[in-house]
Amino acid sequence: MNVTQAEFVISAVKPHQYPEDALPEIALAGRSNVGKSSLINKLIQRKNLARTSSQPGKTQQLNYYRINEKLYFVDFPGYGYAKVSKTQREQWGQMIETFLKDREPLKMVLLIIDVRHEPSKDDRLMFDWLKYYDIPTCIVITKADKIPRSKWEKHIKMVRETLGADPRHRFVLFSSETGLGRDELWAVILEAITEQAESL
Ligand code: GTP
Ligand code: MG
């Protein structure tokens, strides 16, 4: 995918701030620091449009990026950051659940997992939510450059098993460092937003 236009649109805190032009949305969920913003930057080939974290756990908004006037990436606040208060965590949960439940333009969630770590309890909860609300999900296993190629297969299997994924779930191995998986992930994203157009 050749990205000619990519712009930050809004950090939305409340649903009335979400864009109203009905372009399809692809959301990115994952632990704080897992590499969500880096992944967006890699996909759109910009160094720093999506802000990479200097303050983990501080972003309690949904960051919207409009790409080629064709779709939005919605960068969710990362979860699992230890220093977040209980109240903030609850607010986060409400915001995300409302979004997953009611957001009509949402076409797919990319669940981002670090290749080196077993999915956390929060990752599993998020994945269970996605299954419960029947939202098309692609599991993106990132930071592939951090482990040797010979171990990729074993780690992917571990992630798949820990999450309890089934055949309808796509998996893409990714690296924001090397660009591994970029074309494959774009293909998955374009398919997800095109299916929607065909069913109109
Ligand atoms: P929050 O916004 O706090 O939730 O974090 P995030 O998920 O957006 O993570 P971010 O993209 O800010 O990346 C966190 C750190 O991981 C940064 O130092 C990145 O440079 C690094 N990082 C992200 N992706 C990769 C990758 O594929 N490979 C390597 N080696 N480092 C990565
Ligand atoms: Mg981020």
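I will try to describe carefully the structure that is included in this document.

Parameters and conventions
Residues numbered from 1 in each chain as written. Chains lettered and ligands numbered in written order. Predicted model: local features only at pLDDT ≥ 70, side-chain atom pairs only at ≥ 80, totals over all residues. Heavy atoms only, no water. Pairing = 2+ DSSP bridges. Helix = DSSP H or I, 4+ residues; strand = E, 2+ residues; numbered from the N terminus. Axes fitted to C-alpha atoms, helices over the stretch in contact; angles between N-to-C directions. Salt bridge = Lys/Arg side-chain N within 4 Å of Asp/Glu carboxyl O. Buried < 20%, exposed > 50% of the residue type's maximum accessible area, 1.4 Å probe, protein only. Contact = heavy atoms within 4.5 Å.

**Topic: the sheet that holds strand 1 (residues 6-12)**
Spatially, the seven strands line up as an open sheet ordered 1-3-4-2-5-6-7, and their pairing is mixed. Two strands lie at the open edges of the sheet, namely strand 1 and strand 7 (170-173), each paired on one side alone. Each strand axis lies, on average, 25° off the axis of its neighbour in the sheet, ignoring direction. Where strand 6 (residues 137-142) and strand 7 come together, four bridges link them in parallel fashion.

**Thoughts on the pattern of salt bridges**
Taken as a whole, this structure holds eleven salt bridges when the rule is applied. Across the pair Asp 21 and Arg 66 runs a salt bridge whose closest N-O atoms are separated by 3.7 Å. Of this pair, Asp 21 sits in the loop between strand 1 and strand 2 (25-30) while Arg 66 is found in strand 3 (residues 62-67), placing the two residues 45 residues apart along the sequence. Residue Asp 21 is classed as partly exposed on the basis of its relative accessible area of 41%. Of the charged contacts in the structure, one is a salt bridge between Arg 182 and Asp 183, with a shortest N-O distance of 3.8 Å. Asp 183 sits in the exposed class, given a relative accessible area of 58%. Counted as one network, the salt bridges with shared partners bring together Glu 7, Asp 21, Arg 66 and Glu 69.

**Quick notes on the environment of Leu 39**
Looking at the secondary structure, you find Leu 39 in helix 1 (residues 36-44). Exposure remark for Leu 39: the relative accessible area of 0% places this residue in the buried category. Sequence spacing of Leu 39 and Ser 176 is 137 residues, and the spatial spacing of their C-alpha atoms is 5.5 Å. When near neighbours in sequence (up to four residues on either side) are disregarded, Leu 39 contacts Leu 28, Leu 110, Ile 112, Val 140, Phe 174, Ser 176 and Leu 185.

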